[in-house]
Amino acid sequence: MAVRSHKSSPLKVALAGAGMISWFHLTAWRNLRERARVVAICDPDSAKASARAKEFSIPKVYRDAEAMFSSEGIDALDVASPRQTHAAWVDAAAARGIDVLCQKPMTPTLAESEALARRVEGKARLMVHENWRFRPWYRELKRWIVAGEVGDVLLGRMAMITSGLLADASGRRPSLERQPFMQHEEELMIAEVLIHHLDVMRFLCGELTVIDARAARTVSDVRGETLAMIFLETASGAPIEVTGTMAAPGYPARSPDRLEIVGSKASAVFDDSGLQLLGASPRVQQYDRDRGYQASFDGVIAHFVDCLQSGAAFETGPSDNLATLRLVEDAYRAAGLPHQ
């Protein structure tokens, strides 16, 4: 398929899904101002869809995908619905030649994602919404690495440790209040959370191979694994570690990642809200974490629109995302947990 470019503005966009994460998507679309306009939102829960439509001045609300596609002339679809519905949305859009931005992962399994990528090829353009790597501090660290300031990567560690799945003093469990589906997700810590961190480490350090992994279910009424540690290595053999849990007593319910990269010329650390370069030319850059969170959505969606309008390749197209999904599947295999 010759890559189509959308020269006209504003780009007409529809959003699939009106859950918690849709607010950040819609804020990012609104931040594009005259370049794009969300003209419709679709969700089986019409009350949620109507509330989002009112909040963001979206003219049309639908419960049914076919009704929306039949009634709206759209240029692009943004899929922010549950992962089990992604393939149906992408297939429906691609069959109509509509380009798609799809929340990670493309589908629940690597095999399904590979099949989806094959089906879409030649019909429409597909980009995966993997926003973690678009956080401002990781974009800046990537610039340092590309500029040669860190040198060769010798060691990398990344961790996300919170207490979000544990009851706080009032008996509330913040992670489940924010994203209730987590309680019943069969594959949680690796497939839902650390998938982001694996992608960031691929983005920063190059392609990775899973060497070993450990995972455990430590919260009795949460179905999936709540703790995981994944051991990887770069193409040059440098060790990489990705660790996470949302059931750590005494930790904040939501806390920032901690990232350390040791290079041959300098080291880099991100912790709390500061990115540091350690070595002969030290520097520190501070970030507002809440603004950075929204900025990651802004960055993904702006990149999607830029590429649609220019015809350039997506940074997180299907082939790139499949490499991350392979790491997820390999981590489950190494940890001895059954994968869907």
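Look up a bit, the structure's there.
Residues numbered from 1 in each chain as written. Predicted model: local features only at pLDDT ≥ 70, side-chain atom pairs only at ≥ 80, totals over all residues. Heavy atoms only, no water.

Draft legend 1. Fine view of the overall build of the protein. Secondary structure summary: the protein contains ten helices and 14 strands in total. Here the C-alpha atoms of the protein give a radius of gyration of 20 Å, agreeing with the 20 Å that 2.2 N^0.38 yields for 340 residues. With respect to the principal axes defined by its C-alpha atoms, the protein has extents near 55 × 45 × 35 Å. The long-range share in the protein, meaning contacts at least 24 apart out of those at least 6 apart in sequence, stands at 70%. Summing over all exposed atoms, the protein offers an accessible surface of approximately 14500 Å²; the carbon and sulfur share of this is 52%. For the protein, the distance from the average site of its 40 positive side-chain charges to the average site of its 43 negative ones is 4 Å. (Helix = DSSP H or I, 4+ residues; strand = E, 2+ residues; numbered from the N terminus. Rg over C-alpha atoms; globule rule 2.2 N^0.38 Å. Contact = heavy atoms within 4.5 Å. Areas by Shrake-Rupley, 256 points an atom, 1.4 Å probe, with all protein chains shown as cover. Lys, Arg positive; Asp, Glu negative; His and termini not counted. Charge placed at Lys NZ, Arg CZ, Asp CG, Glu CD.)

Draft legend 2. Region of interest: the nonpolar core. Counting residues in hydrophobic clusters, the biggest one holds 81 residues, and the most contacted among them are Leu77, Leu141, Leu204, Ile230, Leu232, Leu259 and Ile261. The element contributing the most residues to this core is helix 8 (residues 189-205), with twelve residues. Excluding residues within four positions of it along the chain, Ile261 makes contact with Leu141, Ile145, Val150, Val153, Leu155, Gly156, Leu204, Cys205, Ala266, Ser267 and Ala268. Formed by 32 residues, the second largest nonpolar core is a distinct cluster that contains Ile21, Trp29, Ile58 and Met127. (Core = buried A, V, L, I, M, F, W, Y, C linked by side-chain atoms within 4.5 Å. Buried < 20%, exposed > 50% of the residue type's maximum accessible area, 1.4 Å probe, protein only.)

Draft legend 3. Structural view of the packing of aromatic side chains. Overall, the coordinates contain twelve aromatic pairs when judged by the stated rule. When the ring of Phe24 is compared with that of Tyr293, the centres are 4.9 Å apart and the planes differ by 90°; the resulting orientation is edge-to-face. Separated by 269 residues along the polypeptide, Phe24 in helix 1 (residues 22-31) and Tyr293 in helix 9 (residues 289-310) bring together distant segments of the chain. Note on Tyr293: relative accessible area 14%, which makes it buried. A ring pair is formed by Trp137 and Tyr287, whose centres lie 5.5 Å apart and whose planes are at 70°; its orientation type is edge-to-face. Of this pair, Trp137 sits in helix 6 (residues 136-146) while Tyr287 is found in the loop between strand 14 (283-286) and helix 9, placing the two residues 150 residues apart along the sequence. Residue class for Trp137 comes out buried when judged on its relative accessible area of 3%. (Phe/Tyr/Trp six-rings, centres within 6.5 Å; stacked < 30°, edge-to-face > 60°.)

Draft legend 4. A look at the side chain of Ser255. Note on placement: Ser255 falls in the loop between strand 10 (239-245) and strand 11 (258-263). A relative accessible area of 19% places Ser255 in the buried class. In terms of polar contacts, Ser255 uses its side chain to reach the backbone carbonyl oxygen of Ile161, at 2.7 Å. Residue contacts for Ser255: discarding those within four places in its chain leaves Met160, Ile161, Thr162 and Arg289. (Polar contact = N/O pair within 3.5 Å; in protein donor to acceptor, adjacent residues only side chain to side chain.)

Draft legend 5. Structural context of the sheet that holds strand 3 (residues 60-62). As summarised here, the arrangement of the six strands in space is 3-2-1-4-5-6, forming an open sheet in which the pairing is parallel. The open sheet has two edge strands, strand 3 and strand 6 (126-129), and neither has a second partner. Across the sheet, the mean angle from the axis of one strand to that of its neighbour is 25°, orientation sign disregarded. Taken together, the six bridges between strand 1 (residues 11-16) and strand 2 (residues 36-42) define a ladder with parallel strand orientation. (Pairing = 2+ DSSP bridges. Axes fitted to C-alpha atoms, helices over the stretch in contact; angles between N-to-C directions.)

Draft legend 6. The pairing of strand 10, seen in detail. Counting buried positions along strand 10 gives five out of seven residues, so the element sits mostly inside the fold. Sheet analysis places strand 7 (residues 153-161) next to strand 10, joined by six bridges and oriented parallel. When the sheet's bridge partners are listed, Gly156 is paired in strand 10 with Ile240. Summarising the sheet, strand 9 (residues 227-234) and strand 10 pair through seven bridges and their orientation is antiparallel. Within the sheet, the bridge partner assigned to Ala228 lies in strand 10 and is Gly244. The turn linking strand 9 back onto strand 10 is made up of four residues, and Gly237 within it adopts a positive phi angle of 95°.

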